[in-house]
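Fold and contact review
Here is what each chain is made of, one letter per residue.
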Amino acid sequence: MSSSKEYLDFILGQLSELDDISYRAMMREYIIYYRSKVVGSIYDDRFLVKSTKSAVAMMPNAVMELPYEGAKEMLLVYDVDNKEFLRLLLEAMYEELPAPKKKK
């Protein structure tokens, strides 16, 4: 199964209060960036974020899921309808995320 453009548009709308949100399509799925850092992905119409200390603290009951076979587990975000929560989540995660890799 792949993710729909409609679900991507929904998530981007929910993240619209954050500056510098972008995405990249990859094999019918989407990588989500916040201020040039990868924060998560949309796989099979599920919004998954990297497992950082702050993300785990904000979502202590979140389920870890595999985005695809062979990938690292990520946290499934259940509260995608709450724009304020999503804004706070990504802002909290930002400092813990690795810097973007330099392009050669």
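Reference entry: report on the structure contained in this document. These figures come from a predicted structure and were not determined experimentally.

Quick notes on the nonpolar core
By size, the foremost hydrophobic cluster in this structure holds 26 residues, and its most contacted members are Leu15, Ile42, Phe47, Val49, Met59, Val77 and Leu89. Of all the secondary structure elements, the ones that give two or more residues to this core are helix 1 (5–14), strand 2 (29–34), strand 3 (37–43), strand 4 (46–49) and helix 3 (83–94). Take this core: its biggest share by element is six residues, from helix 3. Setting aside residues up to four positions removed in sequence, Ile42 forms contacts with Ser3, Tyr7, Leu8, Ile11, Glu29, Tyr30, Ile32 and Phe47. Core analysis: the second largest hydrophobic core is formed by six residues, Tyr33, Tyr43, Leu48 and Leu76 among them.

Some thoughts on the pattern of salt bridges
By the definition in use, this model includes five salt bridges. As a salt-bridge pair, Glu65 and Arg46 come within 2.3 Å of each other at their nearest N and O atoms. Remark: Arg46 occurs in strand 4 and Glu65 occurs in strand 5 (residues 64–65); sequence separation between them is 19 residues. Grouping residues by exposure puts Glu65 and Arg46 together as buried. Linking Arg87 and Glu84 is a salt bridge whose minimum nitrogen-to-oxygen distance equals 2.5 Å. In this pair, Arg87 and Glu84 both sit in helix 3, three residues apart, roughly one turn of the helix. Assessed through its relative accessible area of 36%, Glu84 is described here as partly exposed. Several salt bridges converge on common partners, so that one network encompasses Asp44, Arg46 and Glu65.

Focus on the sheet that holds strand 5
Each strand in a sheet pairs with another by means of backbone hydrogen bonds, the pair being arranged parallel or else antiparallel. Overall, antiparallel pairing links the six strands, which are arranged 1-2-3-4-6-5 in an open sheet. Across the chains shown, the open sheet's two edge strands, defined by having one partner strand only, are strand 1 (21–26) and strand 5. Taken together, the five bridges between strand 2 and strand 3 define a ladder with antiparallel strand orientation. Bridging across to strand 3, Tyr34 finds its partner in Lys37. This element, helix 1, spans strand 1, strand 2, strand 3 and strand 4 of the sheet and lies at about 160° to strand 1.

The rules behind each value
- Residues numbered from 1 in each chain as written.
- Predicted model: local features only at pLDDT ≥ 70, side-chain atom pairs only at ≥ 80, totals over all residues.
- Heavy atoms only, no water.
- Core = buried A, V, L, I, M, F, W, Y, C linked by side-chain atoms within 4.5 Å.
- Buried < 20%, exposed > 50% of the residue type's maximum accessible area, 1.4 Å probe, protein only.
- Helix = DSSP H or I, 4+ residues; strand = E, 2+ residues; numbered from the N terminus.
- Contact = heavy atoms within 4.5 Å.
- Salt bridge = Lys/Arg side-chain N within 4 Å of Asp/Glu carboxyl O.
- Pairing = 2+ DSSP bridges.
- Axes fitted to C-alpha atoms, helices over the stretch in contact; angles between N-to-C directions.

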